[in-house]
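# Architecture and fold: a report
Below, each chain spelled out in residue letters.
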Amino acid sequence: MTDFSHIRGKITMDRPLADLTWLRVGGPAQMFFQPADVDDLQAFLKALPLETTVFPMGVGSNLIVRDGGIKGAVIRMGRGFNHIEIEDDQVRVGVAALDAHVARKAADAGLDLTFLRTIPGAIGGAVRMNAGCYGSYVADHFVSASALTRAGEVVQIGADELEFAYRQSNLPEGWVLTEAVLRAQKGDPDTLHAKMQEQLRKRDETQPTKDRTAGSTFRNPAGFSSTGQADDTHELKAWKVIDEAGMRGATLGGAQMSTKHPNFLINTGGATAADLEGLGEMVRKKVFQTQSIELHWEVLRIGEPVPQ
């Protein structure tokens with residue numbers, strides 16, 4: 001029997017996860033752990049049998065948890081991991097800090113991380129997925145990160161080790177990020193805040209921000225983010241190829257591809273994870289049939305389906 005008596009954080013068995021994801025779907029975590037701080041997380045990982053898989057979970061903004069839930073341990077970092085410290089042109093930030101909050105705090109200090117303002121989620125996921133928009137990516141600002149290995153060893157990671165690419169990095173299986181250091185160019189705080197307000201205005205005009213979504217569903221086939229510039233090409237944007245495949249507004253159960261922005265998968269109410277993933281696969285199939293383009297999921301899908 002594993003001894004967790006020395007753990008200060010909260011361990012919950014069979015914890016439902018639907019209320020922790022933006023799409024509000026999914027089964028339970030076999031074990032759900034909320035560490036108090038880095039030392040507590042390290043102690044937990046060292047005590048946890050090595051054969052037990054771990055899944056670090058942020059705020060659930062870019063996630064479909066399948067209806068059968070997640071086997072192993074789900075780790076959700078909170079207050080002990082949301083620090084933001086600024087020195088010169090660098091921002092040291094805990095993985096639980098929200099992207100939008102980091103952008104605002106950096107702007108207050110005259111540092112330009114404005115691209116983070118409209119990205120849903122927290123910094124841990126942003127690093128893991130090399131999040132980006134308006135032509136900027138985490139990789140462009142990344143200095144280093146701290147992590148714990150599956151065995152609980154503290155490690156420092158550089159950009160070369162993460163091998164950043166479009167919407168992905170090469171973080172080793174089972175490693176848990178704890179903080180990241182980002183570098184930013186200096187700018188006028190008022191100008192930076194005004195820039196972010198304009199970004200928010202454009203987002204609200206073009207995206208279903210009032211619906212239950214998980215952000216962009218599929219990566220752009222062209223392999224890069226929208227730049228936000230007037231000369232930005234839309235030929236190989238995911239929304240464009242979905243639209244041309246006739247899948248804008250398509251539905252399956254309680255799931256729908258947004259009529260406002262067809263690369264957004266919506267839970268209209270009562271959708272299951274199977275509905276959402278199934279509709280996404282229908283879209284992928286139709287796009288491939290009509291345009292010979294293979295869409296790749298940007299939303300992370302994890303867990304087990306409900307046994308038939």
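Residues numbered from 1 in each chain as written. Predicted model: local features only at pLDDT ≥ 70, side-chain atom pairs only at ≥ 80, totals over all residues. Heavy atoms only, no water.

### Considering the overall build of the chain
- Secondary structure assignment for the chain yields eight helices and 19 strands.
- The C-alpha atoms of the chain give 20 Å as radius of gyration, which agrees with the globular expectation for 308 residues (19 Å, within 12%).
- With respect to the principal axes defined by its C-alpha atoms, the chain has extents near 55 × 55 × 30 Å.
- Looking at the chain as a whole, 48% of its 308 residues are labelled buried.
- Relative to all contacts within the chain whose residues are 6 or more apart in sequence, the contacts with residues 24 or more apart total 64%.
- With an accessible surface of roughly 14,600 Å², the chain has 48% of that area assigned to carbon and sulfur atoms.
- Distance between charge centres in the chain, computed from 33 positive and 39 negative side chains, equals 5 Å. (Helix = DSSP H or I, 4+ residues; strand = E, 2+ residues; numbered from the N terminus. Rg over C-alpha atoms; globule rule 2.2 N^0.38 Å. Buried < 20%, exposed > 50% of the residue type's maximum accessible area, 1.4 Å probe, protein only. Contact = heavy atoms within 4.5 Å. Areas by Shrake-Rupley, 256 points an atom, 1.4 Å probe, with all protein chains shown as cover. Lys, Arg positive; Asp, Glu negative; His and termini not counted. Charge placed at Lys NZ, Arg CZ, Asp CG, Glu CD.)

### Some words on the pattern of salt bridges
- Applying the stated criterion across every chain yields a total of 16 salt bridges.
- Between Glu 277 and Arg 301 there is a salt bridge, with its nearest N and O atoms 3.1 Å apart. Here the residue Glu 277 occupies a position in helix α8 (residues 273–291), and Arg 301 occupies one in strand β19 (residues 300–302), the gap between them amounting to 24 residues.
- Residue class for Glu 277 comes out buried when judged on its relative accessible area of 14%.
- Its relative accessible area of 27% is what places Arg 301 among the partly exposed residues.
- Of the charged contacts, one joins Arg 301 and Glu 281 as a salt bridge, the two residues approaching to 4.0 Å between their closest N and O atoms. Of this pair, Arg 301 sits in strand β19 while Glu 281 sits in helix α8; the two residues are 20 residues apart in sequence, bridging distant segments of the chain. (Salt bridge = Lys/Arg side-chain N within 4 Å of Asp/Glu carboxyl O.)

### Some thoughts on the pairing of strand β5 (residues 70–76)
- Of all seven residues that make up β5, five are buried, and the element is covered over most of its length.
- Two strands pair when backbone bridges link them, and strand β2 (residues 28–34) and β5 are joined in this way by four bridges, in the parallel orientation. Bridging from a neighbouring strand, Met 31 pairs with Ala 73 of β5.
- Here four bridges tie strand β3 (residues 54–57) to β5, and the two strands are oriented parallel to one another. Residue pairing for β5: Phe 55 is matched across the bridge by Val 74. (Pairing = 2+ DSSP bridges.)

### Some details on the sheet that holds strand β18 (residues 264–267)
- Pairing is antiparallel in the open sheet, where four strands are placed in the order β15-β18-β17-β16. Edge positions in the sheet fall to β15 (213–216) and β16 (251–252), since each of these pairs with one other strand and no more.
- Both β16 and strand β17 (residues 255–257) contribute to a ladder of two bridges, which runs antiparallel. Residue pairing for β17: Leu 252 is matched across the bridge by Ala 255.

### Looking at the packing of aromatic side chains
- Within this structure, the stated rule accounts for four aromatic pairs.
- Between Phe 4 and Phe 44, the aromatic rings sit 5.3 Å apart at their centres with planes inclined by 20°, giving stacked as the arrangement. Of this pair, Phe 4 sits in the segment before β1 (10–16) while Phe 44 sits in helix α1 (residues 38–47), placing them 40 residues apart in sequence. In this structure, Phe 4 and Phe 44 share a single accessibility class: buried.
- Here the aromatic residues Phe 4, Phe 33 and Phe 44 are joined through ring pairs into a cluster of three or more.
- Looking at Arg 15, its charged tip hangs above the ring of Phe 32, at a distance of 5.4 Å from the centre. (Phe/Tyr/Trp six-rings, centres within 6.5 Å; stacked < 30°, edge-to-face > 60°. Lys NZ or Arg CZ within 6 Å of the ring centre and 35° of its normal.)

### Quick notes on unusual backbone geometry
- Of note in this structure, Glu 163 is not a glycine but carries a positive phi near 50°.
- Relative to the helices and strands, Glu 163 resides in the loop between α5 (159–162) and β13 (176–183).
- Even without a glycine there, the phi angle at Arg 167 is positive, about 60°.
- The class for Arg 167 is buried, based on a relative accessible area of 9%.

### Considerations on the packing of helix α2 (residues 99–108) against helix α6 (residues 189–206)
- At a minimum axis distance of 8 Å, the contact between α2 and α6 shows a crossing angle of 155°. Our classification of the angle between α2 and α6 gives roughly antiparallel. Across from Ala 103, Arg 104, Ala 107 and Asp 108 in α2, the residues of α6 making contact are Pro 189, Leu 192, His 193 and Met 196.
- Here the residues of the contact of α2 with α6 are counted per class, giving five nonpolar, one polar and two charged. (Axes fitted to C-alpha atoms, helices over the stretch in contact; angles between N-to-C directions. Parallel < 35°, antiparallel > 145°, perpendicular 65-115°, else oblique. Nonpolar A, V, L, I, M, F, W, Y, C, P; charged D, E, K, R; others polar.)

### Focus: the environment of Val 155
- Of note, Val 155 is situated in strand β12 (residues 154–157).
- The sequence separation of Val 155 and Gly 124 amounts to 31 residues, and the corresponding C-alpha distance is 15 Å.
- Discounting chain neighbours no more than four positions away, the residues touching Val 155 are Ala 145, Ser 146, Ala 147, Thr 149 and Trp 175.

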